[in-house]
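Coordinate inspection notes
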Amino acid sequence: MAAPGIAIRGQRSLLRQIREALAGGGPAQSRLDMVVRIIARSMVAEVCSLYMRGGANDMELFATEGLDPTAVHVTRLKPGEGLVGEIMRLGRPLNLSDAPNHPAFSYRPETGEDPFHAFLGVPLLRGGRAIGVLVVQNRTERVYVDDEVEDLQIVAMVLAEMVAGGELISEGELKGVELAPHKPERLKGAKFADGLAMGVAVLHEPPVAPSQLLADDVVAEEARLETAISSLQAQIDEMLDGQHGKLADVSYEVLDTYRMFAHDRGWNRGLQDAVRNGLTAEAAVERVRSEHRARLGQARDPYLRERLHDFEDLADRLLRHLSGDAHSTRELPENAILIARNLGPADLLEYDRTNLKGLLLEEGSSASHAAIVARALDIPCVGRLSGLRDRVSEGDAVIVDAETGEAYLRPRLDVVKSLKARLEVRLQRRAEFAKLRDTPAFTRDGAKITLLMNAGLDVDLDILGETGAEGIGLFRTEFQFMVAEEMPRFNAQTALYGRVMDAAGDMPVTFRTLDLGGDKVLPYMEAEREENPALGWRAIRMGLDRPALLRLQLRALIAAARGRPLRIMFPLVASVDEFRAARALVDHEVAWAQRRGRPAPSRLDVGAMIEAPALIWHLDALLPMTDFVSVGTNDLMQYLFAADRGNPRVADRYDMLSPPFLRALESIQSACAETGTPVSVCGEMGGRPLEAFVLVALGFERLSMPPAGIGPVKQMVLSCDREAARRGVSALIKGSAGSIRNEIETLARKLYLAI
């Protein structure tokens, strides 16, 4: 037998032989038999076999050279069975010198493969999903060398494209072969943002399918790849090293990791080798992408999985550079349902809101900031849909059921009819809420509840009047920073804050200073990788350590007020000293403006968010210093229970409607009542009718929430007897149960509340 690898004169020769052999057409089986015969001859292999995945995920022998031909379309392996099943499970090659002694080996006597020991199998990958396996075998015990593994992987990639494109097997001849999901499916996940939506699937930054796989001119293709890589690297370098928006003395670790991947020699070498072996630059990117998906997609380490996201993003960026489309924004079709493994909040904001009707995520949590942005934009969102990305194709019909936390892929007609009926009911409810817009929110026993809106985007200002909100209880100023390509300058900040105040008119607006850090990392700001980001350098801690950044924002807020009332709130204050230092910066900036003859706010209220449990036991010292406080229930919940709200394994492990959390809220409200300090709740809790019912029962009279929550919460308030609710909730929170949600629901129904 020839020495390993020398029989191949490059993949181009082999692939050209396959192309020429297929040019004459003929029945599917004849073409397949010819393909495996050519591969066996070229690789000096005594066996070459092609297995394809069927609709039941079993593996069927479709063609072979060297095994018993009567086994074709007879031999089937169940999911995970045999060496072929192992390759499908792992999504990567299997190279064995003595296959029959491998623990996964499954003996099938009808194939006649008894004499063959050497075994090399590689998956046929489409978008990271294995649709088949290509195998070569030899009698001699040997390990195939790296060049041979590389050769077979290139061939497998091209075969996968041929099969999917109908070049190798026609659609009618495919029978049960499943190239892409096509059956109706229902996936159970978690509700992130309420609502219902139906539309077509749009994959978040999907790979650009290469129109040509084989290069006509390898030298020219190498030059194209080199130019695109250089352009990509320069773009990333510029993004990270731009002169605007830099914070001095901060580590480059996290963002430099991303830059490092773009300059990684191994990644670049893999691309270059694939091109030199005869692929186009685009096909080389897909080839290397599939390798990384298969290798890192199985990793349990969350850090390694995040690195896969980095490589995915780099591959997409490089494909755009190759197509000359590096800086364009993708248009969405009407009724688009965005599909992604995960999203950052800035990613979501880049899409056109007009056509974006729903969001489905494979990962994430209801407390992630992407979910919060979805709720702010009133975009139905369901997350934690296991296997979503591999079960949906671009253009599939999709339903987002964020009432039940489910997704329907390629839904049946009866499911579509049911959804349309439910959408009609939701429209009727919205009409009912619209009628209540100008009705003051008084409980049945006469308690006035002020309902405010959370905001952070220009689009929020357009709907302020439509919601019936009495002001903006939380304006998240960091959103402006997250959607910008560079740090917003003084004039840009001043203009935004001025527009917010103009839109609110005489209604109050509470501006929260920058709440950056944790999961909100800006692309133009160097960030330090931390073991526990939620407990790390974020929010007011960052502002106090970088006072120039905080002072610039405070100066812009004062300028935007133009002599009007101004409310400023600091996030994640964990100690009285932090609030004292932050308030001193406000006083300094007011004095600075007055010295220059600029108008000071006619009234200045400075408050703190209560999110760190430490403040609960130091309210006697904090409250006399503040003009108001607001409870951030999302962060207070995660810190009180030591459960990272961004970690799906623990984010929903504990319930806000539990005695410990409700007792903490009760103690805050009582302390504020004793000192006469205005207090509000601005977390997501205030926007859900059942949770808002409990807050009203505990004595809170100011609730700030996403726009979509105002109508349902107002309806609840109007049907609520606060005193009866207070008595019922007060008795329940004295219990020992971990959650009293069911008991509170029973109480609400007993009181005839609109929950």
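Everything quoted here is computed from the prediction, not taken from an experiment.

**Structural notes on the overall build of the protein**
- Each helix and strand counted, the protein has 27 helices and 22 strands in total.
- Residues classed as buried in the protein amount to 55% of the 755 residues present.
- Put simply, 69% of the contacts in the protein that link residues at least 6 apart link residues at least 24 apart.
- Accessible surface, the protein as shown: approximately 32000 Å² in total, 50% of it carbon and sulfur.

**Quick look at the sheet that holds strand β11 (residues 356–361)**
- Here eight strands make up an open sheet; going across it, the order is β7-β14-β13-β9-β10-β11-β12-β8 and the pairing mixed. Two strands bound the open sheet, and with one partner strand each, they are β7 (185–188) and β8 (190–193). Sheet twist, expressed as the average angle between the axes of neighbouring strands with direction ignored, equals 30°.
- Pairing analysis gives two bridges linking β11 to strand β12 (residues 381–383), with the strands arranged parallel. Bridging across to β12, L359 finds its partner in C381.
- Sitting on the sheet, helix α14 (residues 413–435) touches β9 (196–203), β13 (397–401) and β14 (406–409), and the angle it makes with β9 is about 125°.

**Some remarks on the packing of aromatic side chains**
- In total, this model carries four aromatic pairs according to the counting rule given.
- Here the aromatic rings of F475 and F511 are separated by 5.7 Å at their centres, their planes lie at 65°, and the arrangement is edge-to-face. Here the residue F475 occupies a position in strand β16 (residues 472–476), and F511 occupies one in strand β17 (residues 509–512), the gap between them amounting to 36 residues. Summarising the burial analysis for this pair, F475 and F511 share the class buried.
- Seen in terms of ring centroids, F641 and Y654 are 4.9 Å apart; in terms of plane orientation they differ by 15°. Their pairing is stacked. Placement of F641 in the loop between α22 (633–640) and α23 (659–675) and of Y654 in the loop between α22 and α23 is noted, with a sequence separation of 13 residues between them.
- The exposure class assigned to Y654 is partly exposed, which follows from its relative accessible area of 35%.
- Each residue in the set F475, Y497 and F511 is aromatic and connected to the rest through ring pairs, giving one cluster.
- Lying over the aromatic face of W592, R555 brings its terminal NZ or CZ to 3.6 Å of the ring centre.
- R567 extends its terminal NZ or CZ atom over the ring of F628, reaching a point 4.0 Å from the ring centre.

**So, the packing of helix α17 (residues 490–504) against helix α19 (residues 547–561)**
- Taken N-terminus to C-terminus, the directions of α17 and α19 make an angle of 45°; their axes are 8 Å apart at the nearest point. Between α17 and α19, the angle is such that the two are oblique. The element α17 and its partner α19 pack so that their crossing is right-handed. From α17, F490, Q493, T494, Y497, G498 and M501 reach across to α19, where they touch L552, Q553, R555, A556, L557, A559, A560 and A561.

**Quick word on the environment of G199**
- Counting through the fold element by element, G199 comes out in strand β9.
- Spatially, the C-alpha atom of G199 lies 5.8 Å from that of A397, the residues being 198 residues apart in sequence.

**A look at the nonpolar core**
- If you look at the biggest cluster of nonpolar residues, it comprises 94 residues, and the most contacted ones within it are F511, F570, L662, L665, F693, F700 and L703.
- Filtering out sequence-adjacent residues up to four positions away, L665 remains in contact with V631, T633, L636, M685, L695, L698 and F700.
- Counting 55 residues, the second largest nonpolar core, distinct from the first, contains C48, A63, L120 and Y144.

**A word on the environment of P601**
- In this fold, P601 is placed in the loop between α20 (576–595) and β19 (604–610).
- The buried category is assigned to P601, whose relative accessible area is 14%.
- Sequence separation between P601 and I558 is 43 residues; the distance between their C-alpha atoms is 6.6 Å.
- When neighbours within four sequence positions are excluded, P601 is seen to be in contact with I558, G563, R564 and L566.

**Notes on the environment of L451**
- Mapped onto the fold, L451 is located in strand β15 (residues 450–455).
- C-alpha of L451 to C-alpha of M705: the two residues are 254 residues apart in sequence and 7.8 Å apart in space.
- Other than its neighbours up to four places away in sequence, L451 contacts A441, A469, E470, L703, M705, I710, V713 and K714.

**Here's the deal with unusual backbone geometry**
- Of note, the phi angle at N335 is positive, near 55°, even though the residue is not glycine.
- Mapping N335 onto the fold places it in the loop between α10 (302–323) and β10 (336–340).
- A positive phi angle, near 50°, is found at R410, a position not held by glycine.

**Looking at the side chain of E578**
- The topology assignment puts E578 in helix α20.
- Although E578 is buried, it makes no salt bridge; R541 carries the closest opposite charge, 4.3 Å away.
- In this structure the side chain of E578 is engaged in a polar contact, spanning 2.8 Å, whose partner is the backbone nitrogen of A574.
- Ignoring anything within four residues of it in the chain, the contact list for E578 reads I540, R541, L544, L572 and V573.

**So, the packing of α19 against α20**
- α20 packs onto α19 with a crossing angle of 55° between their chain directions and a minimal axis gap of 9 Å. One element, α19, and the other, α20, form an angle in the oblique class. Relative to α20, the crossing made by α19 is right-handed. Between α19, through L550, R551, L554, R555 and I558, and α20, the contact on the second element is made entirely by L585, V586, H588, E589, V590, W592 and A593.
- A class-by-class count of the residues in the contact of α19 with α20 yields eight nonpolar, one polar and three charged.

Reading the values: the criteria
- Residues numbered from 1 in each chain as written.
- Predicted model: local features only at pLDDT ≥ 70, side-chain atom pairs only at ≥ 80, totals over all residues.
- Heavy atoms only, no water.
- Helix = DSSP H or I, 4+ residues; strand = E, 2+ residues; numbered from the N terminus.
- Buried < 20%, exposed > 50% of the residue type's maximum accessible area, 1.4 Å probe, protein only.
- Contact = heavy atoms within 4.5 Å.
- Areas by Shrake-Rupley, 256 points an atom, 1.4 Å probe, with all protein chains shown as cover.
- Pairing = 2+ DSSP bridges.
- Axes fitted to C-alpha atoms, helices over the stretch in contact; angles between N-to-C directions.
- Phe/Tyr/Trp six-rings, centres within 6.5 Å; stacked < 30°, edge-to-face > 60°.
- Lys NZ or Arg CZ within 6 Å of the ring centre and 35° of its normal.
- Parallel < 35°, antiparallel > 145°, perpendicular 65-115°, else oblique.
- Left-handed = near helix turned anticlockwise from the far one by under 90°.
- Core = buried A, V, L, I, M, F, W, Y, C linked by side-chain atoms within 4.5 Å.
- Lys, Arg positive; Asp, Glu negative; His and termini not counted.
- Salt bridge = Lys/Arg side-chain N within 4 Å of Asp/Glu carboxyl O.
- Polar contact = N/O pair within 3.5 Å; in protein donor to acceptor, adjacent residues only side chain to side chain.
- Nonpolar A, V, L, I, M, F, W, Y, C, P; charged D, E, K, R; others polar.

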